[in-house]
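# Residue-level structural notes
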Amino acid sequence: MAAELAPKLGKNVIVENHIGAVGNIGLSTGARAEPDGYTLVVVTNIVLINPSVSRVAYDPLRDFAPIAFLGAAPNVIITRPASGITSIADLSSRARANPGKLNYASPGLGSVSQLAVELLKLRANIDITHIPFNGAAPALQAALAGTTDIASVSIAGLIGFIRSGELKGLAQTGSERWFDLPDVPTMGEAGIPNAVVETSQLFLAPAGTPAPIIRRLAEETEVILQKPDIKAKMLNAGFMVKYEGPEDLHSRMVREIPRWKEIVERAGLNAAAAGK
């Protein structure tokens, strides 16, 4: 997005990665920025989840102006073939026979990838212990090393490991099978209904950014996302492009915040975070 926006806007677009605290550091920085159109935020739907998990220094609806929904990527529940776990049904059977003894890695407490497994636990009525890591890369390494029984991470970077046989995909959490992983079933196909949990990407600005600037950015973004080469690059990175403008993104945010809050509360994650 940065490389494509720069020539359209006639300005350099510099990417600053503010990592840490499951996105909260970057989001707090973005929320406090001047609403002049020169500071923008690209973030996953963690912005809609974090306020339900812990105290944060921003409100997603009050402190950000929606520009565009960019698309989404499924999460994949993976394991090493040596684990002997062959399917979600097999995982569920083992978990019921050994409550709390199986564990799973995720990129962090309250991450979309964690919520995918927490929703699985609720739907299948099983108990699997969460082992949070600081990001997707260490969570993936935990699965590769067998440090945890399974892991849940976004599809980006996984395909090569699954194709090579180093990892086995038990299920992916999108609404349909990923084109490059045709042998990995959806959660619904694996017997877990109503468990679609995707990592989506949102393009935001600080609240108060003038409407003409928001409109210009949204229009340019729509043009960029329609380019075949951009769609191909994003697909290869594990990301399905789907544009929505400011109004539709606002409606999506309003709709999804209570859904994530319900999952967080039912999984007891808000209580766990409060205890820290």
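Reading the values: the criteria
Residues numbered from 1 in each chain as written. Predicted model: local features only at pLDDT ≥ 70, side-chain atom pairs only at ≥ 80, totals over all residues. Heavy atoms only, no water. Phe/Tyr/Trp six-rings, centres within 6.5 Å; stacked < 30°, edge-to-face > 60°. Buried < 20%, exposed > 50% of the residue type's maximum accessible area, 1.4 Å probe, protein only. Lys NZ or Arg CZ within 6 Å of the ring centre and 35° of its normal. Helix = DSSP H or I, 4+ residues; strand = E, 2+ residues; numbered from the N terminus. Expected span 1.5 Å × (residues − 1). Salt bridge = Lys/Arg side-chain N within 4 Å of Asp/Glu carboxyl O. Pairing = 2+ DSSP bridges. Right-handed = clockwise from strand over helix to strand, strands pointing away. Polar contact = N/O pair within 3.5 Å; in protein donor to acceptor, adjacent residues only side chain to side chain. Contact = heavy atoms within 4.5 Å. Core = buried A, V, L, I, M, F, W, Y, C linked by side-chain atoms within 4.5 Å.

Once that is clear, we can look at the packing of aromatic side chains. Overall, the coordinates contain 2 aromatic pairs when judged by the stated rule. For the pair Tyr-58 and Phe-64, a centre-to-centre distance of 6.0 Å together with 70° between the ring planes defines the contact as edge-to-face. The two residues Tyr-58 and Phe-64 agree in class, both being buried. Both rings, one in Trp-178 and one in Phe-179, keep their centres 5.4 Å apart while their planes meet at 50°; by these two values the pair is tilted. A cation sits over an aromatic face here: Arg-252 above Phe-69, 3.8 Å from the ring centre. Positioned above the aromatic ring of Trp-260, the side-chain terminus of Arg-259 is 5.0 Å from the ring centre.

Next up on the list: helix H5 (residues 112-124). Note on helix geometry: an α-helix contains 3.6 residues per turn, so any two residues three or four positions apart are oriented the same way. For H5, built from 13 residues, the straight-helix expectation of 18 Å at 1.5 Å per residue is met to within 8% by its first-to-last C-alpha distance of 18 Å. Among the 13 residues that make up H5, 11 are buried, leaving the element largely enclosed by the rest of the structure. Listed as buried for H5 are Val-112, Ser-113, Gln-114, Leu-115, Ala-116, Val-117, Glu-118, Leu-119, Leu-120, Lys-121 and Ala-124. Within two residues after H5, Asn-125 carries a phi angle of roughly 55°, on the positive side.

Any two side chains of opposite charge can pair, so long as their charged atoms come close to each other. Tallying each qualifying case throughout the model produces 11 salt bridges. Arg-216 is paired through a salt bridge with Glu-220; the nearest N and O atoms lie 3.0 Å apart. Taken as a pair, Arg-216 and Glu-220 lie in helix H8 (residues 211-225) at a separation of 4 residues, close to a single helical turn. Arg-216 gets classed as partly exposed once you look at its relative accessible area, which sits at 37%. In this structure, a network of salt bridges that share partners links the residues Lys-242, Glu-244, Arg-252 and Glu-256.

Right, let's talk about the pairing of strand S3 (residues 103-106) for a bit. Residue alternation in S3 divides its side chains into two sets, Asn-103 and Ala-105 and Tyr-104 and Ser-106, and both sets are buried. Bridge count for S3 against strand S4 (residues 129-132) is 4 bridges, and the pairing is parallel. Opposite Asn-103, over in S4, you have Thr-129 as the bridge partner. For the crossover from S3 across H5 to S4, the handedness is right-handed. In this structure, S3 lies alongside strand S5 (residues 150-154), joined through 2 bridges in parallel fashion. Along S5, the bridge assignment pairs Ala-105 with Ala-151.

This part covers the side chain of Thr-148. Here Thr-148 is to be found in the loop between helix H6 (136-145) and S5. Within polar-contact distance, the side chain of Thr-148 engages the backbone oxygen of Ile-150 at 2.9 Å. If we skip the residues at most four places from it in the chain, Thr-148 touches Asn-103, Tyr-104, Ala-105, Ile-131, Phe-133, Ala-142 and Ala-143.

With a phi angle near 55°, Asn-125 is a residue other than glycine that sits in the positive phi range. Look at Asn-125 and you get exposed, because its relative accessible area is 63%. Residue Asn-194 is not a glycine yet carries a positive backbone phi of 50°. Mapped onto the elements, Asn-194 comes out in the loop between strand S6 (168-172) and strand S7 (198-206).

Turning to the nonpolar core, a few remarks are in order. Leu-120 and Leu-202 are the most contacted members of the largest nonpolar core, which has 45 residues in total. Sort the elements by how many residues they give to this core and H5 lands first, with 7 residues. Those residues in contact with Leu-120, other than ones at most four positions away along the chain, are Ile-77, Ile-88, Leu-91, Asn-125, Ile-126, Met-187 and Ile-192. In terms of nonpolar packing, the next biggest core, distinct from the first, is built from 19 residues, Ala-142, Val-153, Ile-162 and Trp-178 among them.

With respect to the element layout, Pro-193 can be found in the loop between S6 and S7. For Pro-193, a relative accessible area of 47% gives the class partly exposed. In this structure, the C-alpha to C-alpha distance between Pro-193 and Arg-123, residues 70 residues apart in sequence, is 7.5 Å.

Within the sequence span of H6, burial applies to Ala-139, Leu-140, Ala-142, Ala-143 and Leu-144. If you follow the buried residues of H6, they end up packed against strand S2 (64-79), S3, S5 and helix H7 (159-164).

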